Amino acid sequence: MSAPAWADALVASVCAEAGLAPPRLSWRRRAAERSTGVARRSAGMIAVRAGSDRLDQRLTVLHELAHWLAPPPRRRGAAHHGRAFYRIAFELYRRHGLADDDALRLESTRYPSALRHAVALGVPGAGAALADRLAVVRARPRRRWRVLVPEHAVRLARDGRWHVCSICGQRIVAGNLARVRRARRPVRHVLMTALPA
Ligand SMILES: [Zn+2]
Ligand SMILES: [Zn+2]
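Given the structure is predicted, the values throughout are model-derived calculations rather than measurements. Residue numbers run consecutively from 1 along every chain, following the written order of its sequence. Both sets of labels track the order of writing: A upward for chains, 1 upward for ligands. Only residues with pLDDT of at least 70 get local features here, since the model is predicted, and only at 80 or more are side-chain atom pairs given and counted; chain-wide, interface and lining totals rely on the full set of residues.

Once that is clear, we can look at the overall build of the chain. A tally of helices and strands in the chain yields seven helices and seven strands. Only DSSP runs of H or I with at least four residues qualify as helices, and only runs of E with at least two residues qualify as strands; both kinds are numbered from the N terminus onward. Ordering the α and β elements of the chain from the N terminus gives α-β-β-β-α-α-α-α-α-β-β-β-α-β. For the C-alpha atoms alone, the extent of the chain along its principal axes is close to 65 × 40 × 35 Å. Residues are called buried when their C-beta atom has 20 or more other C-beta atoms within 10 Å, exposed when it has 12 or fewer, and partly exposed otherwise; all C-beta atoms are positioned from the backbone. Evaluated residue by residue, the chain yields a buried proportion of 23% over its 197 residues. The contacts in the chain between residues at least 6 apart in sequence include a share of 44% that link residues at least 24 apart. This entry defines residue contacts through backbone-placed C-beta atoms, with two residues in contact when those atoms are within 7 Å.

Throughout, an axis means a line fitted to C-alpha atoms (over the contacting stretch in the case of helices), and angles, computed between N-to-C directions, take values from 0 to 180 degrees. Following both chains from N to C, one finds helix 2 (residues 54–69) and helix 4 (residues 100–110) inclined at 80°, their axes separated by 10 Å at the closest point. By the angle between their axes, helix 2 is roughly perpendicular relative to helix 4. Of helix 4, the residues touching helix 2 (which contributes Leu-55, Asp-56 and Leu-59) are Asp-102, Ala-103, Leu-106 and Glu-107. Classes in brief: Ala, Val, Leu, Ile, Met, Phe, Trp, Tyr, Cys and Pro nonpolar; Asp, Glu, Lys and Arg charged; the others, Gly included, polar. Residue classes in the contact of helix 2 with helix 4 are distributed as four nonpolar, no polar and three charged. Any angle that is under 35 degrees is reported as roughly parallel, and any over 145 degrees as roughly antiparallel; angles of 65 to 115 degrees are reported as roughly perpendicular and all others as oblique.

The element strand 7 (residues 188–195) is barely covered by neighbouring structure, given that only zero of its eight residues are classed as buried. Should DSSP find at least two bridges between two strands, the strands are taken to pair. Of the strand pairs in this sheet, strand 4 (residues 144–153) and strand 7 are connected by seven bridges, and their pairing is antiparallel. Residue pairing for strand 7: Arg-144 is matched across the bridge by Leu-195.

Counting through the fold element by element, Ala-139 comes out in helix 6 (residues 126–139). Separated by 47 residues in the primary sequence, Ala-139 and Pro-186 have C-alpha atoms spaced 40 Å apart.

Here the focus is the domain arrangement of the chain. Structurally, the chain comprises domain 1 (5–139) and domain 2 (144–195). For domain 1 and domain 2, the distance between their C-alpha centres works out to 42 Å. Reported domain spans reflect what an automatic or database domain assignment gives.

Pairing between sheet strands relies on hydrogen bonds along the backbone, with the strands arranged either parallel or antiparallel. An order of 1-3-2 is seen for the three strands of this open sheet, with the pairing classed as mixed. Edge positions in the open sheet fall to strand 1 (24–29) and strand 2 (36–40), since each of these has one partner strand only. Put simply, the sheet's adjacent strands are angled 15° from each other on average, direction ignored. Its contacts with the sheet put helix 2 on strand 2 and strand 3 (45–50), and the angle it makes with strand 2 is roughly 20°.

In this section: the environment of Ser-108. If you trace the backbone, Ser-108 turns up in helix 4. For Ser-108, a count of 20 C-beta atoms within 10 Å translates into the label buried. Expressed as a C-alpha distance, the spacing of Ser-108 and Ala-66, which sit 42 residues apart in the sequence, is 16 Å. Excluding its chain neighbours within four sequence positions, the residues that come into contact with Ser-108 are Ala-114, Leu-115, Ala-129 and Arg-133.

Between the first and last residue of a helix there are one fewer steps than residues, each counted as 1.5 Å, and that sum is the expected span. With 14 residues, helix 1 (residues 5–18) should reach 20 Å at 1.5 Å per residue; the first-to-last C-alpha distance of 20 Å fits that figure. When we look at burial in helix 1, the residues that qualify are Leu-10, Val-11 and Val-14. Take helix 1 and look down its axis: the buried residues cluster within an arc of 95°, on one side only. In helix 1, those exposed residues whose orientation departs by more than 90 degrees from the buried face are Ala-5, Ala-9, Ala-12 and Ala-16. Tucked inside the fold, the buried residues of helix 1 contact strand 1, helix 2 and helix 3 (83–95). What the arc covers is the set of directions going from the helix axis to the C-beta atoms.

Okay, structure coming up:
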């Protein structure tokens, strides 16, 4: 399916402004409100799976264009969504039709850390949005826990491809498996479950 004309035009105009060759834009639909996207520099393309929310479609195209414009991280593991990225992204959002509060709301639903960068970059309204978010996080009820299987020594058993504790049935993987095998005295554990808040 081909991208809508507005999206092709947006890609063309952002890249023309930046003096860069535009990526190909691949466009598919997804059955959700939100869109997702990915920028593949080596393949010369941006792929968007478009949800139903038009504003979020626009933000998604601009977000991927910001990746297209951002210099590739110099070292592996450098922040993909760091300050340098958001400097470009929030500027694109503003210049290409998103109000600051919409940009902050939509971007921070995907990447909550976007708000801290937005505050540092001086995006209007970012401070208030960050304060609101922290208030919501603080007001969230703490989880309560209940013991499902009381503390016991782990007894290793196989369950198909997996190692499990035969007493409580928990899978024991990788680092924990090595630790259980190495231990002189049996490793003990307990199985907890979260109660609904
Ligand atoms: Zn991204
Ligand atoms: Zn167990």
